[in-house]
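# A look at the structure
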Amino acid sequence: MNHKTPLMPSWQQTNKEIVFLLPLPGDVRGKEVNWKLTSQRISVYARGAEVLSGDFFYLVKPDDSTWELEDSCDIGRQLRLSLAKAR
């Protein structure tokens with residue numbers, strides 16, 4: 001029997017940004033993703049279900065932050081969130 005383990009979000013950071021990688025089902029489309037970002041808080045939804053939310057310890061720059069939906073060989077699709085650090 002083949003059991004798949006649930007994929008977990010991952011993140012990495014540099015001096016200028018934090019990048020979150022969130023695994024999503026392979027058939028999720030960009031128009032099904034919604035996010036709300038302020039300098040202190042983030043909420044991300046895919047198909048109406050919350051996939052990430054929380055408060056930041058340090059401020060981010062919402063206007064300089066982006067997201068993109070990308071294909072991945074390992075997991076199918078993932079949401080890449082690039083959050084620009086305020087300092």
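Figured I'd write up the structure that's included with this text. (Residues numbered from 1 in each chain as written. Predicted model: local features only at pLDDT ≥ 70, side-chain atom pairs only at ≥ 80, totals over all residues. Heavy atoms only, no water.)

### Things to note about the pairing of strand 2 (residues 17–24)
To be explicit about the condition: Exposure classes here rest on a 1.4 Å probe applied to the protein chains alone. A residue is buried below 20% of its type maximum, exposed above 50%, and partly exposed in between. Runs of H or I in DSSP of at least four residues are treated as helices and runs of E of at least two as strands, each being numbered from the N terminus. When DSSP finds two or more bridges between two strands, those strands count as paired.
The buried fraction of strand 2 is high, at six of eight residues. Relative to strand 2, strand 1 (residues 10–13) runs antiparallel, the two sharing four bridges. When the bridges of strand 2 are listed, serine 10 appears paired with leucine 21. Linking strand 1 back to strand 2 in an antiparallel pair, the connection comprises three residues. Where strand 2 lies against strand 7 (residues 76–85), eight bridges are found, and the strand directions are antiparallel. Its bridge partner being in strand 7, phenylalanine 20 is matched across the sheet by leucine 81.

### So, the sheet that holds strand 2
Strands pair in a sheet through their backbones, by hydrogen bonds, and they do so in one of two ways: parallel or antiparallel. Basically, it comes down to this: Here, axes are lines fitted to C-alpha atoms. For helices the fit covers the stretch in contact, and angles between N-to-C directions go from 0 to 180 degrees.
In space, the four strands of this open sheet follow the order 1-2-7-6, with antiparallel pairing throughout. The outermost strands of the open sheet, each flanked by one partner alone, are strand 1 and strand 6 (60–72). Averaged over all neighbouring strand pairs, the angle between strand axes comes to 15°, with direction disregarded.

### Details of the sheet that holds strand 4 (residues 41–46)
With antiparallel pairing, the three strands of this open sheet are ordered in space as 3-4-5. Each having just a single partner strand, strand 3 (33–37) and strand 5 (49–55) make up the two edges of the open sheet. For this sheet, the mean inter-axis angle between neighbouring strands, taken without regard to orientation, is 5°. Alignment of strand 4 against strand 5, held across six bridges, turns out to be antiparallel. For alanine 46, the partnering residue across the bridge sits in strand 5 and is alanine 49.

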